[in-house]
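# Chains, contacts and geometry: an overview
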Amino acid sequence: MLKGLLRSQAFFAWMLIAPAALYLMMIVAWPLVETIRLSFTNANIGGESYIGTANYEKLLSSRKFSQTVSRTFYWMFLSVSFKIIFGLIGATLLNAAIPGRAIFRMLVMPPWIVPIAIGCFGWLWLYNGHFGIISGMLQYVGILDGPFEFLAYKNSAFYSAVITDVWVGLPMVTIFMLAAMQGVPRDLYEAAYVDGASRWYRFRRITIPQILPVIITMSILSIIWTFNSFEIIWILTEGGPRSATTTLIIDTYKMAIANFKFGQGAARAVIVVSLLSVFSLVYLFALHQIKKRFGAV
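Predicted model only: the values in this text are computed from it and were never measured.

### Quick notes on the side chain of Thr68
Within the element layout of this structure, Thr68 appears in helix H4 (residues 63-94). Beyond its immediate chain neighbours, meaning those up to four positions away, Thr68 contacts Thr246, Thr247, Leu248 and Asp251.

See below:
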C-alpha cells in the first residue's frame, strides 16, 4: 500500500509543491500570524504585554487615523485614474500608424526601467524651488514671482507625489493597453470604416469593448500597487509636510519602525492587510467575470 502511495500522482504532486509551500509559510504565514499577535499587545522596544483590542479601539476612535485612511484612498483614486486615462491615451497614440512609431514606444519605457529611487531623486531636483527646472520655468513665464518649494507645502506636496507616482506607473499601464489594442482584429475597424464610422465612434464601439478586460485588470492591479506604494512618498517627503502625504503604509512604518511602537504598528499593518485582501478578492472576482464573459483574461 505504501509503495502504491509513493507512486501515486497526487503524492508526487504534493512532493513537488511542498518546498514552495514551506517557503511561503516561513516568509508569509508566520510573519502574518506574528503581526496579528503583536496587534493585541503594547509591544515596544522595552517589552510587551497583552492589552486585547485596545490598539484597534484607539485607531477607530482616532480622527488623525481616519484622515490618513481618507487621504490614502484619495491618493489611490487620483493616481490610478490618471494612470488609466493617460495610459489609454498613450496606447492609442502609440498604436497609430506613424513614422518612427518604434522609437516612441521605446521612449515610453524609461520611467519603468529606471529604479524608483533614482527616478524620485530626479523629481526631487525638479521640485526644488531654487534650482529645479519647474520653478525656474514658471518664474521665466511670469506665473511665479520667486522660487517655490513644491514639497514644502501641504497641497503642492501631495499633488507632486501623485504626479511622480503616475510617472512611475504609467509606462506599464500604457504597454499593457497597447498590447491589448494590437490584439483587436483589424477586420472590425475595416468594416466600421466602410460603413462610414468616425474614429471616435470606432474607438468607443470597437476599441474600448475589445480591451475592456485589460482595462479592468490593470485598474485593480494599479489600485493594489498604488495602495502599497511606499518608496515614492518616503523619498520625496517622508510623509510630510505636516502629514500631508502620510498614507496608511507610511503611517504604519512610522509607528512601528520610527517610533518603536510595534503593537500599534502591527494593528495598522493588520488593517492594511485586510484592505489589500478585499482588493485581491475583488481582483479575483473580476478575473472570473472577465473569463466568464469574454473567455480570456
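After that view, the rundown keeps rolling.
### Things to note about the packing of aromatic side chains
Overall, the coordinates contain 17 aromatic pairs when judged by the stated rule. One aromatic cluster in this structure is built from Trp123, Tyr127, Phe148, Phe150, Tyr153 and Trp167.

### Describing a nonpolar patch on the surface
Among the surface-exposed residues, Leu22, Tyr23, Leu24, Met26, Ile27 and Val28 lie close enough to one another that they form a single nonpolar patch of about 620 Å² accessible area. Here Leu22 is to be found in helix H2 (residues 9-38).

### Remarks on unusual backbone geometry
The residue after Gly240, namely Pro241, is reached through a cis peptide bond having omega -5°. For Pro241, the position within the fold is in the loop between helix H12 (231-236) and helix H13 (248-258). Despite not being glycine, Phe260 shows a phi value in the positive range, around 60°. With respect to the element layout, Phe260 can be found in the loop between H13 and helix H14 (262-294). Using a relative accessible area of 38% as the deciding quantity, one classes Phe260 as partly exposed.

### Focus: the pattern of salt bridges
Here the structure, examined in full by the defined rule, presents four salt bridges. Between Glu34 and Arg37 there is a salt bridge whose closest N-O contact spans 2.6 Å. Pair noted here: Glu34 and Arg37 are both in helix H2, with a separation of three residues, about one helical turn. Looking at Arg37, the relative accessible area reads 37%, which means it is partly exposed. One salt bridge connects Asp165 with Lys83, and the closest N-O pair in it is separated by 3.0 Å. With Asp165 in helix H9 (residues 154-182) and Lys83 in helix H4, this pair connects stretches of sequence that are 82 residues apart. Grouping residues by exposure puts Asp165 and Lys83 together as buried. Taken together, the shared-partner salt bridges connect Glu34, Arg37 and Glu48 into one network.

Thresholds applied
- Residues numbered from 1 in each chain as written.
- Predicted model: local features only at pLDDT ≥ 70, side-chain atom pairs only at ≥ 80, totals over all residues.
- Heavy atoms only, no water.
- Helix = DSSP H or I, 4+ residues; strand = E, 2+ residues; numbered from the N terminus.
- Contact = heavy atoms within 4.5 Å.
- Phe/Tyr/Trp six-rings, centres within 6.5 Å; stacked < 30°, edge-to-face > 60°.
- Patch = residues over 30% accessible without salt bridge, like charges linked within 9 Å, V, L, I, M, F, W, Y side chains within 5 Å.
- Areas by Shrake-Rupley, 256 points an atom, 1.4 Å probe, with all protein chains shown as cover.
- Salt bridge = Lys/Arg side-chain N within 4 Å of Asp/Glu carboxyl O.
- Buried < 20%, exposed > 50% of the residue type's maximum accessible area, 1.4 Å probe, protein only.

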